[in-house]
Amino acid sequence: MRKKRLWYMIISGVLLISAVMAGCGAKKNSVPEEGQAVSAAAESVSVGAGAESAETEAAAPDGEAAGVFEEKVLLDTDAVKVVLTDAGEFVPDQEDAGTTKTADPKVQITFDVTNKGDEEIVVDMRDVKLGDESVRRILLKGNIVSPGETMAFQYGILAKEEPETEGAGETAEQAHPLLWETVSEQGLTGIVHVLNISEEIAQSEFSIP
């Protein structure tokens, strides 16, 4: 009888130990599964973020992303071709002939003019407005264009009215400059006139931006 009871206790103990070990094994096995689930979720988020980034990059136009000004053909006739090639902040040229000594423009507009006729021509930009207000322009580069040649005409843009100077030695443009940010917000318009020695042969309106 004692032997049976002892044998029963030994078997019960073995079964209990086996059950405990089985439970521990299950917990150990569950840890990698949870880790795998977390890893898979993280990978999913990473892939999703990459896809969203790729979509954002694809949505932005190349010119906009690079900050490149988009050229505009204003005139293209038998006599002349005028292309608005650039508009933005003015950066003084180290070889400037001296035009900016009497003015300090912060904004510039540039046109390429091709003389397709058989007479010399010149270009003049007039009626320039910032929104509804007139502004001044000064010719920085450009001259007489001979037949068959292309020349760049660059204008600086300044405020119409010169406010009082705030600092000693400052010009009105230096104290209250017309900035490109203002032009971008309000828009700039004007008219390009093309003339030969005797008459005007073409004109075109332009707007920025």
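This is a predicted model, so every value here is computed, not measured. (Residues numbered from 1 in each chain as written. Predicted model: local features only at pLDDT ≥ 70, side-chain atom pairs only at ≥ 80, totals over all residues. Heavy atoms only, no water.)

Chemist: Explain the pairing of strand S7 (residues 188–195) to me, and be specific about the residues and the numbers.
Modeler: Within S7, seven of the eight residues are buried, which leaves the element mostly enclosed by the surrounding structure. The pairing of strand S4 (residues 122–130) with S7 spans seven bridges and is classified as antiparallel. When the bridges of S7 are listed, Asp 124 appears paired with His 193. Bridge count between S7 and strand S8 (residues 200–208): eight bridges; the pairing is antiparallel. The partner of Val 192 across the bridge, within S8, is Ser 204. The loop that links S7 with its antiparallel partner S8 comprises four residues. (Buried < 20%, exposed > 50% of the residue type's maximum accessible area, 1.4 Å probe, protein only. Helix = DSSP H or I, 4+ residues; strand = E, 2+ residues; numbered from the N terminus. Pairing = 2+ DSSP bridges.)

Chemist: For the environment of Val 128, give the residues involved together with the corresponding values.
Modeler: Looking at where Val 128 falls in the secondary structure, it is placed in strand S4. Its relative accessible area of 3% is what places Val 128 among the buried residues.

Chemist: Would you mind going over the sheet that holds strand S6 (residues 150–159) in detail, with residue names and values included?
Modeler: In space, the eight strands of this open sheet follow the order S1-S2-S3-S6-S5-S4-S7-S8, with antiparallel pairing throughout. In this open sheet, the two edge strands, each paired with only one partner strand, are strand S1 (72–76) and S8. The mean angle between the axes of side-by-side strands here comes to 25°, regardless of whether they run parallel or antiparallel. Alignment of S1 against strand S2 (residues 80–89), held across four bridges, turns out to be antiparallel. Across the sheet, residue Lys 72 finds its bridge partner in S2, namely Leu 84. (Axes fitted to C-alpha atoms, helices over the stretch in contact; angles between N-to-C directions.)

Chemist: Account for the packing of aromatic side chains, naming residues and giving values.
Modeler: With the rule as written, the count across this model stands at two aromatic pairs. Pairing Phe 111 with Tyr 155 gives two aromatic rings, centres 6.4 Å apart and planes at 75°, and the pair type is edge-to-face. Taken as a pair, Phe 111 in strand S3 (residues 107–115) and Tyr 155 in strand S6 lie far apart in primary sequence, 44 residues in all. On the basis of relative accessible area, Phe 111 is assigned to the buried category, the value being 0%. The exposure class of Tyr 155 is buried, given its relative accessible area of 2%. (Phe/Tyr/Trp six-rings, centres within 6.5 Å; stacked < 30°, edge-to-face > 60°.)

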